[in-house]
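# Fold and geometry: a report
One letter stands for each residue in the lines below.
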Amino acid sequence: MAALITGASGGIGCYMAKTLSEMGFEVILAARSVDKLEALAKTLPNKAEVFGADLSKPEECKGLYEKLKGRKIEVLINNAGFGEFASFADGDLDTQLNMIDLNVKAVHILTKLFLKDFKEKGYGYILNVASLAAFLPGPMMASYYAGKAYVYRLTMAIREELRREGSPVYAGVLCPGPVSTGFNKRAGVRFATKGIDPEYCAKYAVEKMFEEKAVIIPGRAEKLLPLLTKLSPVNWQMFFCGEFQKKKGQGVDKNGEL
């Protein structure tokens, strides 16, 4: 059994790798930070393999797949991603486009390529990491929120296609709220509320993935948000989300890595 995890050099991805390794999976770790991946691989109880790849580049997503398509991979977790805190007009265009390439296009490419193989084999699990941001408009993080909405909707559509086909392949989406990871540093934000523990988030996500839950939301309070968005008009959502974003401080060092 093998599991491919992107963005595994820290945060949720790192703990997902540990959780799956402890369960007996051979883990395949993919991210830009090869040194961090290699350091993680040495700590894992089961076999681990490292692939350095900049998944914001479509050719590297396709190249990663080509290297692995003959392997008996059972799990794909699309976790790589980052955010940016700035108004849409003031944010850096190249940063926003790079974010879309990684948060959206990489998920799309890897999901499509591995899904075709999983369907042919008749088994497999695909977990795409979105966010509670998927359920809201996101002033000051417009591109990030929109990208996570894409990941959420894409995964739900794929899940329904699989159901209609009678396929045993699983597709689900992880939608956590704030998590205490390097994401905040990279995005340049400080959340007003304490983020959940990434190890708890990862273990909960893996557990619910194997239970084949469609939408995985760690935390009791966080589970209320999708319901609230169904009951409230969009203009309220935009206003309150904008007010929440005000509480996120700027000036954080943005040298974090994926």
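Preceding block: the structure.
Residues numbered from 1 in each chain as written. Predicted model: local features only at pLDDT ≥ 70, side-chain atom pairs only at ≥ 80, totals over all residues. Heavy atoms only, no water.

### Section: the overall build of the chain
Filter applied, for reference: Here a strand is any run of E in DSSP of at least two residues, a helix any run of H or I of at least four, and the numbering for each starts at the N terminus. Only protein chains enter the calculation, and the probe is 1.4 Å; a residue is then buried if its accessible area is under 20% of its type maximum, exposed if over 50%, and partly exposed in between. Whether two residues are in contact is decided by their heavy atoms: any pair within 4.5 Å suffices. Accessibility throughout is a Shrake-Rupley quantity obtained with a 1.4 Å probe, and a residue counts as covered only by protein chains that appear here. We treat Lys and Arg as the positive residues and Asp and Glu as the negative residues; His and chain ends play no part in the count. For charged residues, the charge sits on one atom: NZ in Lys, CZ in Arg, CG in Asp, CD in Glu.
Secondary structure summary: the chain contains nine helices and seven strands in total. The dimensions of the chain, computed from C-alpha atoms along their principal axes, are 50 × 40 × 30 Å. Looking at the chain residue by residue over its 258 residues, the buried ones come to 52%. Summarising the internal contacts of the chain: among those between residues at least 6 apart in sequence, 67% fall at separations of at least 24. Carbon and sulfur atoms make up 54% of the accessible area of the chain, which amounts to about 12,300 Å² in all. Separation of charge centres in the chain, based on 35 positive and 29 negative side chains, amounts to 4 Å.

### Observations regarding a nonpolar patch on the surface
Note the following rule: Here, patches come from residues exposed beyond 30% relative accessible area and free of salt bridges, joined within 9 Å for like charges and within 5 Å for nonpolar side chains (Val, Leu, Ile, Met, Phe, Trp, Tyr). Salt bridge, as used here: a side-chain nitrogen of Lys or Arg that lies within 4 Å of a carboxyl oxygen of Asp or Glu.
Where nonpolar side chains cluster on the molecular surface, the patch consists of Leu224, Leu227, Leu228 and Leu231 and spans about 420 Å² of accessible area. Summarising the element assignment, Leu224 is placed in helix H8 (residues 224-231). A residue is classified by how much of its surface remains accessible, and Leu224, at 48% relative accessible area, is partly exposed.

### Some remarks on the pairing of strand E6 (residues 170-174)
Stated precisely, the cut-off is as follows: Pairing between strands is defined by DSSP: at least two bridges between them are needed. With strands facing away from the observer, any crossover in which the path from the first strand over the helix to the second runs clockwise is taken as right-handed.
Counted residue by residue, E6 has five buried out of five residues, so it is predominantly covered. Taking every second residue as pointing to the same face, both faces of E6 are buried, with Tyr170, Gly172 and Leu174 on one and Ala171 and Val173 on the other. Here strand E5 (residues 125-129) runs beside E6; their pairing, made up of five bridges, is parallel. Bridge pairing in E6 links Asn128 to Val173. Chirality of the crossover, the property in question, places the unit of E5, helix H5 (residues 142-165) and E6 among those that are right-handed. As defined by bridge partners, E6 adjoins strand E7 (residues 215-216) across two bridges and the pair is classed as parallel. Bridge assignment links Val173 to a residue of E7, and that residue is Val215.

### Points about empty space enclosed by the protein
Quick reminder of the rule: Throughout, the protein atoms alone are placed on a 1 Å grid, and a set of points is a cavity if a 1.4 Å probe fits but cannot get out or a pocket if it is open with protein on both sides within 12 Å along at least five of seven lines; lining residues have an atom within 4 Å of a point. Grid points are joined across faces, edges and corners, and a volume is the space filled by probe spheres set on the points. For this classification, Asp, Glu, Lys and Arg are treated as charged, while Ala, Val, Leu, Ile, Met, Phe, Trp, Tyr, Cys and Pro are nonpolar and the rest, including Gly, are polar.
In this structure the tally under the stated criterion is three cavities of 30 Å³ or more. The calculated volume of the second largest cavity comes to roughly 40 Å³. Of all the elements in the fold, those that place two or more residues in the lining of the second largest cavity are helix H4 (93-121) and H5. Looking at the lining of the second largest cavity, the element that brings in the most residues is H5, giving three residues. The class makeup of the residues in the lining of the second largest cavity is seven nonpolar, three polar and one charged.

### Notes on the environment of Gly177
Inspection of the secondary structure assignment puts Gly177 in the loop between E6 and helix H6 (183-187). By relative accessible area, which is 14% here, Gly177 ends up buried. C-alpha of Gly177 to C-alpha of Thr111: the two residues are 66 residues apart in sequence and 23 Å apart in space. The contact partners of Gly177, leaving out residues within four places of it in the chain, are Leu132 and Glu222.

### Digging into the sheet that holds strand E1 (residues 2-6)
Where we set the bar: Where helices are involved, their axes are fitted lines through C-alpha atoms of the stretch in contact, as for all axes, and angles between N-to-C directions lie from 0 to 180°.
Here we have seven strands laid out as an open sheet, ordered E3-E2-E1-E4-E5-E6-E7, and parallel in their pairing. Two strands close off the open sheet at either side, each with one partner strand: strand E3 (48-52) and E7. Sheet topology note: the strand E2 (residues 26-31)/E3 ladder contains five bridges and is parallel. Within the sheet, the bridge partner assigned to Leu29 lies in E3 and is Val50. Along the sheet, helix H2 (residues 34-43) contacts E2 and E3; its crossing angle with E3, the most-contacted strand, is approximately 180°.

### Some points on the packing of helix H3 (residues 58-68) against H4
The line we're drawing: Here roughly perpendicular refers to angles of 65 to 115 degrees, roughly parallel to angles under 35, roughly antiparallel to angles over 145, and oblique to all remaining angles. Crossing handedness is read from the near helix: turned anticlockwise from the far helix by less than a right angle, it gives a left-handed crossing, and turned clockwise, a right-handed one.
With their axes 9 Å apart at the nearest point, H3 and H4 run at an angle of 25° to one another. Between H3 and H4, the crossing angle belongs to the class labelled roughly parallel. Between H3 and H4 lies a crossing of right-handed hand. In this structure, H3 uses Pro58, Cys61, Lys62, Tyr65 and Leu68 to contact H4, whose residues at the interface are Lys105, Ala106, Ile109, Leu110, Leu113, Phe114 and Asp117. When the residues that make up the contact of H3 with H4 are grouped by side-chain class, the tally is nine nonpolar, no polar and three charged.

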